[in-house]
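What follows is the residue order along each chain.
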Amino acid sequence: MLEKRVTVTVHASDPLSRAGVVSHLQHEPSVEIVQDRGGATAGERDEGGSGRAGGGTAGTVAVALVDRFDELAAADLRRLVRGGDQRVVLIARDLREPELMTVVEYGVHAILWRHQATPQRLLRAVQSAARGEGHLPPDLISRLLTQVGQLRRSAMSSASVALAPTIGMAPREVDVLRLIAEGLDTRQISEKLAYSERTVKNVLHALMTRLHLHNRAHAVAYALREGYI
């Protein structure tokens, strides 16, 4: 029995960029690339037969390539995320801090810099997104933490801001988020805290469900903003 594949749809503003992303992934046996210029979803294509036989699919990941994060790109990204039936990997040339916060709050699961998007890194981001784990480059995590810290300090220094009561976090939830902020993945967190990987995933799932957080980066941003880490 073949391992279940991840169905990937590719979204880019020009054919050359789209072809570049496809060339990175098309020979990976764990990936099923679905492209339809007519706009059909991966699910619609699969119902009619998409090509490869056996194994089934493990979920849908949309890979979006954005050169400049303008209003049009933001609208396209919102449409990809809004349905909730696919997880989004964003390949960006650059993101300013406000744009980074916007992307995280949209619910994008993984972000790659375009100049670092090797086939191996892209595959790792797609697989992480398919598992619901997310993927951010270390320098992006640092910028996210800086941006959230600035927002929090600004809110605390303003006498006119009334801070609403927040839902508390359990100590182990804080421990897990602190290690995510340091760039550790699920396996490394489980080793560090002597938890099973399943326990780490369950802690995160329960936290994000309770607080209506989109992904790991959003959870870290929330914890920072509320002063837990």
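Residues numbered from 1 in each chain as written. Predicted model: local features only at pLDDT ≥ 70, side-chain atom pairs only at ≥ 80, totals over all residues. Heavy atoms only, no water.

(A) How the structure looks around the packing of helix α1 (residues 15-25) against helix α5 (residues 119-130). Where α1 contacts α5, the two axes come as close as 9 Å, and the packing angle between them is 85 degrees. As the angle between them shows, α1 and α5 are arranged roughly perpendicular. Where α1 abuts α5, its residues Val21, His24 and Leu25 lie against Pro119, Leu122, Leu123 and Val126. (Axes fitted to C-alpha atoms, helices over the stretch in contact; angles between N-to-C directions. Helix = DSSP H or I, 4+ residues; strand = E, 2+ residues; numbered from the N terminus. Parallel < 35°, antiparallel > 145°, perpendicular 65-115°, else oblique. Contact = heavy atoms within 4.5 Å.)

(B) Molecular detail of the pattern of salt bridges. Inspection of every chain in the model, using the stated rule, returns nine salt bridges. Between Arg68 and Asp70 there is a salt bridge, with its nearest N and O atoms 3.7 Å apart. Between Glu99 and Arg96 there is a salt bridge; the shortest N-O distance is 2.9 Å. The class of Glu99 is buried, set by a relative accessible area of 12%. A relative accessible area of 55% means that Arg96 is categorised as exposed. One network of salt bridges, in which partners are shared, links Asp67, Arg93 and Arg114. (Salt bridge = Lys/Arg side-chain N within 4 Å of Asp/Glu carboxyl O. Buried < 20%, exposed > 50% of the residue type's maximum accessible area, 1.4 Å probe, protein only.)

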